[in-house]
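Observations on the three-dimensional arrangement
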Amino acid sequence: MGKTEKGTPKDLANKMKAKGLQKLRWYCQMCQKQCRDENGFKCHTMSESHQRQLLLFAENPDKYLDSFSEEFMEGYTSLLKRRFGTKRVHANNVYQEYIQDRHHVHMNATQWETLTDFVKWLGREGYCVVDETEKGWYVAYVDRDPETIRRQEMLKKKEKFEKDEEERMQEFINRQIELGQQKEKKEEAVYTELKHDEEGKAVGLNLKLSTNKVPVKLKTSAVNNVLEATSSKKRTHMQGKTDSKKQRTALEEIMEAEMQEKRAKEMLAKQLSAEKDVRKERPWLQRDIIVKIVSKDLGSKYYKVKGVVKDIVNEYVGVIILLECGTTLKVDQAKLETVIPSPERKVLILNGKYSGMEAILKKINESTFSAELELKNGKVLSNVPYEDFSKLHVP
């Protein structure tokens, strides 16, 4: 029986019946034809067009299998990226949305037999971050877009800079507090009890009366009583003045310490800002230095691994040979950092007036994130930042 003409009622009825998903076992991927029942699928397999497609598949089966697998992977990952982004989601939920398209590439035509095998493959190849739970496999898409990677690296640099600045500021505040405590201990006054001479002496007082203006001599005992009362009042008054002076001095010291801390913060912020402007995006890679990979974009197995710079490609990209496994990688300097050796080891200066010169590491100043270097001619360089030198590879 011939095929119905397009637009006829019979053709519209067939399209309505074929709408939506049907059983996967009655679908032919090579012919991209979906049959409604077992009898229809049997008739299709016996057709001449299907036989021709099988002959084409038999000539190069790996080519068709790889093509179907690649299409399935691209469709699944593109839906995951567009629909869920980098969020963690159940793998089967993504698959159910993917197969809603009637003309999707079916999994039985790919190299993976089950969805679990496909999810594990995505994790091994680094397309997604996968983990298994009691409810099944979960996936999270890894966005490798260059703009996204650049934005993430900028955020990491900003967070690292802010963290370093906070640590330096906290160390500076702790040092100021210790200095203030030491100064307070040194300047602490020693108070002693006020003592009076208790020797009995006759004291004569001339008291003039307003009426008759006759001088009168008081007895010694009465005079002593008056002196004791006066000295007691004087001691009380002096003690009150001393306490108020002590409180006022402590308040002034606190205010002065706060002002010093505020000025120090402003100076440190200006200094860090100036250093950031000077060091912005300048090449520092040089041959035969040891560097460390600080980015996970190359894979978790290369993270925090050290290597030797053997060649420079375009000032900003170096050819690195890893020390652990001997693997050769081409890495941008933004994903690398310098390595600080132990004292008395050779280093190479990367920036500044003495760039490219070898030196000996003499002392490491962890508080200021710098070091003291000695050149071959005996000259000593102080406060050299960690970023301006790196360990020299000695064969």
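Residues numbered from 1 in each chain as written. Predicted model: local features only at pLDDT ≥ 70, side-chain atom pairs only at ≥ 80, totals over all residues. Heavy atoms only, no water.

**Some points on the pattern of salt bridges**
- All told, the structure shown has seven salt bridges when counted by the stated rule.
- Asp 131 is the salt-bridge partner of Arg 88, the closest N and O atoms lying 2.8 Å from each other. Here Asp 131 lies in strand S4 (residues 128–133) and Arg 88 lies in strand S3 (residues 88–90), a separation of 43 residues in the sequence.
- Take Arg 88: its relative accessible area is 49%, and that puts it in the partly exposed class.
- In this structure, Glu 374 and Lys 362 form a salt bridge, with 3.2 Å as the shortest nitrogen-oxygen distance. Separated by 12 residues along the polypeptide, Glu 374 in strand S13 (residues 370–375) and Lys 362 in strand S12 (residues 358–365) bring together distant segments of the chain. (Salt bridge = Lys/Arg side-chain N within 4 Å of Asp/Glu carboxyl O. Helix = DSSP H or I, 4+ residues; strand = E, 2+ residues; numbered from the N terminus. Buried < 20%, exposed > 50% of the residue type's maximum accessible area, 1.4 Å probe, protein only.)

**Brief notes about the pairing of strand S14 (residues 380–385)**
- For S13 and S14, the ladder comprises four bridges, and the chain directions are antiparallel. From the neighbouring strand, Leu 373 faces S14, where its bridge partner is Leu 381.
- With antiparallel pairing between neighbouring strands as the criterion, S13 and S14 make up a hairpin whose turn holds four residues, including Gly 378 at a positive phi of roughly 95°. (Pairing = 2+ DSSP bridges.)

**Structural notes on a positive patch on the surface**
- On the surface, Lys 3, Lys 6, Lys 10, Lys 33 and Arg 36 cluster together into a positively charged patch.
- Its location among the elements puts Lys 6 in the segment before helix H1 (9–18). (Patch = residues over 30% accessible without salt bridge, like charges linked within 9 Å, V, L, I, M, F, W, Y side chains within 5 Å. Areas by Shrake-Rupley, 256 points an atom, 1.4 Å probe, with all protein chains shown as cover. Lys, Arg positive; Asp, Glu negative; His and termini not counted. Charge placed at Lys NZ, Arg CZ, Asp CG, Glu CD.)

**A word on the sheet that holds strand S6 (residues 290–293)**
- Spatially, S9-S8-S7-S6-S10 is the arrangement adopted by the five strands of the open sheet, whose pairing is antiparallel. The sheet is open, and its two edges are formed by strand S9 (328–332) and strand S10 (336–338), each paired on a single side. Sheet twist, expressed as the mean angle between neighbouring strand axes with direction ignored, is 45°.
- Here five bridges tie strand S7 (residues 306–312) to strand S8 (residues 317–322), and the two strands are oriented antiparallel to one another. Across the sheet, the residue bridging to Ile 312 is Gly 318, located in S8. (Axes fitted to C-alpha atoms, helices over the stretch in contact; angles between N-to-C directions.)

**Remarks on the side chain of Thr 338**
- Among the structural elements, Thr 338 can be located in strand S10.
- A polar contact of 3.0 Å, which involves the side chain of Thr 338, links it to the backbone oxygen of Tyr 386.
- For Thr 338, the residues in contact, after removing those within four places along its chain, are Trp 284, Leu 350, Tyr 386, Glu 387, Phe 389 and Ser 390. (Polar contact = N/O pair within 3.5 Å; in protein donor to acceptor, adjacent residues only side chain to side chain. Contact = heavy atoms within 4.5 Å.)

**Some points on the environment of Asn 383**
- Tracing the backbone through its elements, the reader meets Asn 383 in strand S14.
- Distance in space between the C-alpha atoms of Asn 383 and Lys 363 is 9.7 Å, their sequence separation being 20 residues.
- Filtering out sequence-adjacent residues up to four positions away, Asn 383 remains in contact with Asn 365, Thr 368, Ser 370 and Ala 371.

**Structural notes on unusual backbone geometry**
- Of note in this structure, Glu 315 is not a glycine but carries a positive phi near 70°.
- With respect to the secondary-structure elements, Glu 315 resides in the loop between S7 and S8.
- Backbone geometry places Asn 383, a non-glycine residue, at a positive phi of 55°.
- Assessed through its relative accessible area of 55%, Asn 383 is described here as exposed.

**So, the pairing of S6**
- Pairing of S6 with S7 involves three bridges; the strand directions are antiparallel. Within S7, the position partnered with Val 291 by the bridge is Gly 307.
- One ladder, built from three bridges, connects S6 with S10; its direction is antiparallel. Along S10, the bridge assignment pairs Val 291 with Thr 338.

**With respect to the packing of aromatic side chains**
- This structure, assessed with the given rule, holds 10 aromatic pairs.
- Judged by centre distance (5.0 Å) and plane angle (85°), the rings of Tyr 76 and Phe 118 are edge-to-face. You can see Tyr 76 sitting in helix H4 (residues 61–84) and its partner Phe 118 sitting in helix H6 (residues 115–125), a full 42 residues away along the chain. As far as burial versus exposure is concerned, Tyr 76 and Phe 118 are alike and both buried.
- Here the aromatic rings of Trp 112 and Trp 121 are separated by 5.1 Å at their centres, their planes lie at 55°, and the arrangement is tilted.
- One aromatic cluster in this structure is built from Phe 72, Tyr 76, Tyr 95, Tyr 98, Trp 112, Phe 118, Trp 121 and Tyr 127.
- Positioned above the aromatic ring of Phe 84 is the side chain of Arg 83, whose terminal nitrogen or guanidinium carbon lies 4.8 Å from the ring centre.
- Stacked on the ring of Tyr 303, the Lys or Arg Lys 296 has its end atom at 5.1 Å from the ring centre. (Phe/Tyr/Trp six-rings, centres within 6.5 Å; stacked < 30°, edge-to-face > 60°. Lys NZ or Arg CZ within 6 Å of the ring centre and 35° of its normal.)

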